Amino acid sequence: MNMNLKMLKNDFNRNRAGNVSLLLFMTLVSGLVVVATIVVTQLIISMMGMYSTAKPPHFLQMHKGEINQELIDEFNSSYDGVTAWQTLSMINVYGDDLKVYGDDVFSLSDLRLDISLVKQNEEYDLLLDEDRNVININKGEIGIPVILLDSYDINLGDTVVLSSKGVTKEFKVTAFVRDAQMNSTLCSSTRILISDEDFDELFGNVGEIEYLIESYFTDSSMASDFKTAYEKAGLPQDGQAVTYSVIFLLSAFRDIAMAMVLILVSMLLVMVALMCIKYTVMATLEEEIGEIGTMKAIGMSYKDIRNLYLVKYKMMVVAGIVIGYVLALIMANVFTGHVSNTFGKQPVSILTIGLPVVGCILVYFVTNHYCKKILKKLKKVTVVDALVTGKGFGKKERVKDGLYKSKKMSVNLLMSVRETLHNFGGFTIIFMVMFIVLGIMIVPMNLINTMESKEFISYMGSSMDDILIEIDSGENLENRHEVIKNILNEDAEIKEYKEFRRVRVETIDSEDEWMNLHVDSGNSAGKELKYLDGKAPSMENEIALSKLNTDEMGKTTGDWIILRVNDVQEKFVISGIYQDVTSGGYTAKAIYTFAGVDAEKYQFTINLIDGVDAGEKASQWSDKIGGGYDIEPMEEFINQTLGGVTKQVEVATTAVVVIGILLEALIVVLFMKLRLAKDVAQIAAMKAIGFTNSNVRKQYLYKIGMVSIAGIIVGTLISNILGESIVSGALSMLGFGISRITFIINPWTAFVILPLVLLAVATGMTWISTRQIREYNIVSLINE
């Protein structure tokens, strides 16, 4: 035992560079695996904890207008599987009506979410604080949703003043609200909590009234069937209907996006780890072929020799995993901060500690199995091969080519090209690392660039224009519509504008049941969208449907569908299928006017003449017409809707870029240390025949540079081709309304900056690593 430990110690010291690099690498890989596991675990546990306390609805129908509560009660009580239901009242106000007085004074006029004042509920759909306790608000106090804190500097103790319809009331901010169903910018609304007394005082005197009709079932999966039956019963439905699965998805999508990036990177890093282990082990075995032959000659068995090496690598892997686990626990808050802010603080539990341990154990068993597989090569080595011929583990073949005749290449470059071409397998790890590292950087960066681009509006059911104006249903909808039209017609700085009118009609789903269909109608409806199949409607009997709608109807392009409009059935042909993440992903486009059908909302998209600033024009119109309208530059609309998601992906991507660069530097150093140790005899021979230290260093620089460039080129091409498919597949699985995404690539980042950075790191680490060649003594190298 003591002899084995002494041999291990001597072996570790002799191969210190490779062993330390492998230790650091396992620390990095296991740390990222732990972080990914912690993020996923905490997200799931936090959401379960919040949902079990808050009890969000399994089915939610928003409605503006009068309701008949008796009919709602009768329907719910007669529907098999319903366990509870409630109808909640909300007071909808505009962002212009709310002004915050704190470190700064500002209004919420630029908030695109619908704002509702609510009171705390008794048993279901509860609003919670950071510890997931039910919030109790006193008279004169107000609870602000945490999602607003990303955009506004609101602090506890600030004053919020409500001014609406001649009523002015002050509130003091005393809590930040966690809302289980409206905690994402992807939702269309947000709820602000006030006391029962203040709610009763303001009800009917300010804003507009909207109802939330909520139902609960023995199984949340019943929500879809219930929705169909609810709509068929003709109950109140002047607003968005949402099921439990959609609520869950919208709530978690921001963190799911980050978790997906971390999981993908972790899987790729495990692959790189296995390649790194293989190279390290093989380089060590090649260097110690004489000792291996001696051990076989004195009678040591294959298992004894294998275990001697295996124990060393087991120790390094375990040490790396333990260090990575501890560091990951310390740094996990960087990635889980949003989970805690959104779903409340999650106390330490067996799962949050235990599942990452399981992930580490899996990494250990995978690496241990792989090490055993590599060490099986010891079986094939004979004493003669190891001590007499020096054959070792590789095949040595005489290279025959015509490169030596080249008169255009310098000697250093010529020798580098020949060895790279004929011994490319020896540089595989560098090629694969450049390929994988560039891939894990480019894919999330392309995703961020796509989501931040103005063109992403095509995935949100709209066209690429300068300004978006929305007028939601409510009091005086038609009058407000005319006000906007008059302003747009009189403004000389407008190049063109398009008008859309949303109506609700009925159609038949895949189970031959009637379902609601929300259609945006107008002469330009569906134009400039990106279609998965088909095209925009061009005739009055054509209609374009969102992907989720065609899935629910079981239809495709060219099929006929029936629309029931004012009790009259009319036939339409599906002209195309597009993607949409708004309104739950269930929308449609048609140029048919649907005369006689009440409008749910109006939308205008405006293009300005050159030189006019969209932000200034939107502010000018907002100041002129006041509240009741959502007027935003298109880029601001995208930013407010997806800004939270983009921010989370940016956090993960930043970490990935840093880890990728460190990983590349680490592996290049590891490779060069082991390569130089392996090439000692070759270096000695080259120096003996007159090659200078600079010549030898340049040759290694050329080799690493050529292989790195090859890896960068392949990595860039593959990541830009397969990256879209990977992201599209993930989004399609989530049922988010997008099944195919086309990356909007920043060519400077994807094709210039990132490749040059990686190439610079690879060549820089190579040049630094080869400094030790200057210390090599020819005589001592030859004697060795």
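Residues numbered from 1 in each chain as written. Predicted model: local features only at pLDDT ≥ 70, side-chain atom pairs only at ≥ 80, totals over all residues. Heavy atoms only, no water.

Draft legend 1. Geometry of the overall build of the chain. Looking only at helices and strands, the chain features 21 helices and 22 strands. Across the 784 residues that make up the chain, the buried fraction comes to 54%. Looking at the chain alone, contacts between residues at least 24 apart form 81% of all its contacts between residues at least 6 apart. Just so you have it, the chain exposes about 34,400 Å², and 56% of that area is on carbon and sulfur atoms. (Helix = DSSP H or I, 4+ residues; strand = E, 2+ residues; numbered from the N terminus. Buried < 20%, exposed > 50% of the residue type's maximum accessible area, 1.4 Å probe, protein only. Contact = heavy atoms within 4.5 Å. Areas by Shrake-Rupley, 256 points an atom, 1.4 Å probe, with all protein chains shown as cover.)

Draft legend 2. Here's a closer look at the nonpolar core. Membership of the largest hydrophobic core comes to 84 residues, with the highest contact counts inside it found for Leu262, Leu285, Tyr309, Leu378, Ile429, Ile430 and Phe671. Leu111, Leu117, Phe199 and Val206 belong to the second largest nonpolar core, which has 27 residues in total. (Core = buried A, V, L, I, M, F, W, Y, C linked by side-chain atoms within 4.5 Å.)

Draft legend 3. Local environment of the packing of helix 6 (residues 244-287) against helix 8 (residues 302-331). Contact geometry for helix 6 and helix 8: axes closest at 12 Å, N-to-C directions at 140°. One finds that helix 6 runs oblique with respect to helix 8. Once helix 6 is placed against helix 8, the crossing between them reads as right-handed. Contacts from Thr280, Val281, Thr284 and Leu285 of helix 6 reach helix 8 at Tyr309, Lys312 and Tyr313. Taken together, the residues of the contact of helix 6 with helix 8 sort by class into 4 nonpolar, 2 polar and 1 charged. (Axes fitted to C-alpha atoms, helices over the stretch in contact; angles between N-to-C directions. Parallel < 35°, antiparallel > 145°, perpendicular 65-115°, else oblique. Left-handed = near helix turned anticlockwise from the far one by under 90°. Nonpolar A, V, L, I, M, F, W, Y, C, P; charged D, E, K, R; others polar.)

Draft legend 4. Broad picture of the pairing of strand 19 (residues 568-578). Bridge count for strand 16 (residues 531-534) against strand 19 is 3 bridges, and the pairing is antiparallel. Following the sheet pairing, Gly534 is matched in strand 19 by Gly576. Across 5 bridges, the pairing between strand 17 (residues 542-546) and strand 19 is parallel. Opposite Glu542, over in strand 19, you have Val573 as the bridge partner. The loop that links strand 18 (residues 560-565) with its antiparallel partner strand 19 comprises 2 residues; one of these, Asn566, has a positive phi angle of about 50°. (Pairing = 2+ DSSP bridges.)

Draft legend 5. Fine view of the pairing of strand 15 (residues 514-521). Summarising burial for strand 15: 8 of the 8 residues are buried, a large majority. Residues Trp514, Asn516, His518 and Asp520 point to one face of strand 15 and Met515, Leu517, Val519 and Ser521 to the other, with burial holding for every one of them. Across 8 bridges, the pairing between strand 14 (residues 494-508) and strand 15 is antiparallel. When the sheet's bridge partners are listed, Arg501 is paired in strand 15 with Ser521. Counting the residues that bridge the hairpin from strand 14 to strand 15 gives 5 residues, and of these Asp512 lies at a positive phi of roughly 60°.

Draft legend 6. Region of the structure containing the environment of Leu414. Checked against the element boundaries, Leu414 lands in helix 12 (residues 411-422). Look at Leu414 and you get buried, because its relative accessible area is 12%. Between the alpha carbons of Leu414 and Gln699 there is a distance of 8.9 Å; along the sequence they are 285 residues apart.

Draft legend 7. Main features of the side chain of Glu214. One can find Glu214 in strand 11 (residues 208-217). Among the polar contacts made by the side chain of Glu214, one reaches the side chain of Gln86 at a distance of 2.8 Å. A distance of 3.2 Å separates polar atoms of two side chains, one belonging to Glu214 and the other to Gln181. For Glu214, the contacting residues outside a window of four places in its chain are Pro57, Phe59, Leu60, Trp85, Gln86, Leu88, Asp125, Gln181 and Arg191. (Polar contact = N/O pair within 3.5 Å; in protein donor to acceptor, adjacent residues only side chain to side chain.)

Draft legend 8. Main features of the packing of helix 6 against helix 13 (residues 428-452). Helix 13 packs onto helix 6 with a crossing angle of 175° between their chain directions and a minimal axis gap of 10 Å. It follows from the interaxial angle that helix 6 and helix 13 lie roughly antiparallel. In this structure, helix 6 uses Val261, Val265, Leu268, Val272, Met275, Cys276 and Tyr279 to contact helix 13, whose residues at the interface are Ile429, Met432, Val433, Ile436, Ile440 and Pro444.

Draft legend 9. Structural view of the pattern of salt bridges. In total, this model carries 18 salt bridges according to the counting rule given. Across the pair Lys169 and Glu201 runs a salt bridge whose closest N-O atoms are separated by 3.6 Å. In this pair, Lys169 is assigned in strand 9 (residues 167-179) and Glu201 in helix 4 (residues 196-202), connecting sequence segments 32 residues apart. Residue Glu201 is classed as partly exposed on the basis of its relative accessible area of 40%. The closest approach of N and O atoms between Lys547 and Asp551, which form a salt bridge, is 3.0 Å. Remark: Asp551 and Lys547 occur in helix 15 (residues 547-553); sequence separation between them is 4 residues, near one turn of the helix. (Salt bridge = Lys/Arg side-chain N within 4 Å of Asp/Glu carboxyl O.)

Draft legend 10. Inspection of the packing of aromatic side chains at higher detail. This model, assessed by the stated rule, comprises 18 aromatic pairs. Between the aromatic rings of Phe217 and Phe226, the centroid separation amounts to 4.9 Å while the plane-to-plane angle is 55°, which identifies the pairing as tilted. Each member of the pair, Phe217 as well as Phe226, carries the same accessibility label: buried. Between Phe572 and Phe594, the ring centres sit 6.1 Å apart and the planes meet at 15°, which makes this aromatic pair stacked. With Phe572 in strand 19 and Phe594 in the loop between strand 20 (588-590) and strand 21 (599-608), this residue pair connects regions lying 22 residues apart in the sequence. Here Phe572 matches Phe594 in class, with each residue buried. Lys703 extends its terminal NZ or CZ atom over the ring of Tyr700, reaching a point 4.5 Å from the ring centre. (Phe/Tyr/Trp six-rings, centres within 6.5 Å; stacked < 30°, edge-to-face > 60°. Lys NZ or Arg CZ within 6 Å of the ring centre and 35° of its normal.)

Draft legend 11. Representation of the environment of Thr420. In this structure, Thr420 sits in helix 12. Along the backbone, Thr420 and Tyr700 are 280 residues apart, and their C-alpha atoms lie at a distance of 10.0 Å. Residue contacts for Thr420: discarding those within four places in its chain leaves Phe427, Lys703, Met706 and Val707.

Draft legend 12. A look at unusual backbone geometry. The phi dihedral of Asp125 is positive, around 55°, even though this residue is not glycine. Mapped onto the fold, Asp125 is located in the loop between strand 5 (114-118) and strand 6 (127-128). You can call Asp125 buried: its relative accessible area is 1%.

Draft legend 13. Structural view of the side chain of Asp158. The residue Asp158 is located in the loop between strand 7 (141-145) and strand 8 (159-164) in this model. The buried charged residue Asp158 lacks any salt bridge partner; its closest oppositely charged side chain belongs to Lys172, at an N-O distance of 9.7 Å. Looking at Asp158, its side chain comes within polar contact range of the main-chain nitrogen of Asn155, at 2.8 Å. With residues near it in sequence (within four places) discarded, Asp158 still touches Val100, Tyr101, Gly102, Asp153, Phe171, Lys172 and Val173. (Lys, Arg positive; Asp, Glu negative; His and termini not counted.)

Draft legend 14. Expanded view of a negative patch on the surface. Residues Glu122, Glu123, Asp196 and Glu197 make up a contiguous surface patch of negative charge. Among the structural elements, Glu123 can be located in the loop between strand 5 and strand 6. Under the relative-accessibility criterion, Glu123 is labelled partly exposed at 45%. (Patch = residues over 30% accessible without salt bridge, like charges linked within 9 Å, V, L, I, M, F, W, Y side chains within 5 Å. Charge placed at Lys NZ, Arg CZ, Asp CG, Glu CD.)

Draft legend 15. Representation of a positive patch on the surface within the structure. Where like charges cluster on the molecular surface, the positive patch consists of Lys278, Lys303, Lys373, Lys376, Lys377, Lys379 and Lys380. By secondary structure assignment, the location of Lys373 is in helix 10 (residues 350-375).

Draft legend 16. A nonpolar patch on the surface, seen in detail. A cluster of nonpolar side chains, contributed by Ile709, Ile713, Val714, Leu717, Ile718, Ile721, Leu722 and Ile726, occupies part of the molecular surface with about 680 Å² of accessible area. On the basis of relative accessibility, which here comes to 47%, the residue Ile713 falls in the partly exposed class.

Draft legend 17. View of the environment of Phe427. Note that Phe427 resides in the loop between helix 12 and helix 13. Residues Phe427 and Val707 lie 280 residues apart in sequence; the distance between their C-alpha atoms is 7.0 Å. Beyond its immediate sequence surroundings of up to four residues, Phe427 is in contact with Glu419, Thr420, Phe671, Arg675, Lys703, Ile704 and Val707.

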